[in-house]
Amino acid sequence: MAVAVLFATNVQADYGKQKVVYHINYDNPKAQAGALRNIQNHINAVGAENLDAKVVMHGNGLSLLLEPDELASVPKMKHANATPEIQAKIAGLKDQNVSFSICANTLKGKKISLDQLYDADESAIVPSGVAELAHLQAQGYTYIKP
């Protein structure tokens, strides 16, 4: 028996409105790039207008936004993954209304300033990454850890 596989591009299923929070607390550059790809695939499937997507970063996850030339000045971080390719992906997601939240505890604990991070400002800071995750889940956001 043959199994047919359907491949479609830019075809949106009727998933309705969704609220999701993606959790990034790891510094593996391939895994982070994969997470950004997952978010874009999610948008492609549901439609940007139907998706309220947030990314919460804490701990080593801030390496996603850390500029590579800043790594030497942040000794508590092993990786700085905000390469031009990653920056382009983040900008594309932000253009589709994906928000990125930064843990204040991590900024303080790892001695990172906002000017060391790609496209980060005060409005993106949350008091605690894990508290933000719990808060969003209590508001009905689906938790995803890619």
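Use the structure listed above.
Figured I'd write up the structure that's included with this text. (Residues numbered from 1 in each chain as written. Predicted model: local features only at pLDDT ≥ 70, side-chain atom pairs only at ≥ 80, totals over all residues. Heavy atoms only, no water.)

## Looking at the overall build of the protein
(1) Moving on: In terms of helices and strands, the protein carries four helices and five strands.
(2) Moving on: For the protein, the N- to C-terminal ordering of α and β elements is β-α-β-α-β-α-β-α-β.
(3) Moving on: Relative to its length of 146 residues, the protein is compact, with a C-alpha radius of gyration of 16 Å against a globular reference of 15 Å.
(4) Moving on: Its C-alpha atoms give the protein principal-axis dimensions of about 60 × 30 × 30 Å.
(5) Moving on: Put simply, the protein has 146 residues, and 43% of those count as buried.
(6) Moving on: Considering only contacts within the protein whose residues lie at least 6 apart along the sequence, 71% involve residues at least 24 apart. (Helix = DSSP H or I, 4+ residues; strand = E, 2+ residues; numbered from the N terminus. Rg over C-alpha atoms; globule rule 2.2 N^0.38 Å. Buried < 20%, exposed > 50% of the residue type's maximum accessible area, 1.4 Å probe, protein only. Contact = heavy atoms within 4.5 Å.)

## Section: unusual backbone geometry
(1) Moving on: A positive phi is found at asparagine 97, a non-glycine position, where the angle reads about 70°.
(2) Moving on: Relative to the elements of secondary structure, asparagine 97 occurs in the loop between helix H2 (84-95) and strand E3 (99-103).
(3) Moving on: A positive phi angle, close to 50°, is found at aspartate 119, a residue other than glycine.
(4) Moving on: Examined against the element boundaries, aspartate 119 turns out to sit in the loop between helix H3 (104-109) and strand E4 (125-126).

## Re the pattern of salt bridges
(1) Moving on: Tallying each qualifying case throughout the model produces two salt bridges.
(2) Moving on: Linking aspartate 52 and lysine 54 is a salt bridge whose minimum nitrogen-to-oxygen distance equals 3.8 Å.
(3) Moving on: In this structure, lysine 94 and aspartate 119 form a salt bridge, with 3.0 Å as the shortest nitrogen-oxygen distance. Of this pair, lysine 94 sits in helix H2 while aspartate 119 sits in the loop between H3 and E4; the two residues are 25 residues apart in sequence, bridging distant segments of the chain.
(4) Moving on: Residue lysine 94 is classed as partly exposed on the basis of its relative accessible area, which comes to 25%.
(5) Moving on: Judged by its relative accessible area of 46%, aspartate 119 falls in the partly exposed class. (Salt bridge = Lys/Arg side-chain N within 4 Å of Asp/Glu carboxyl O.)

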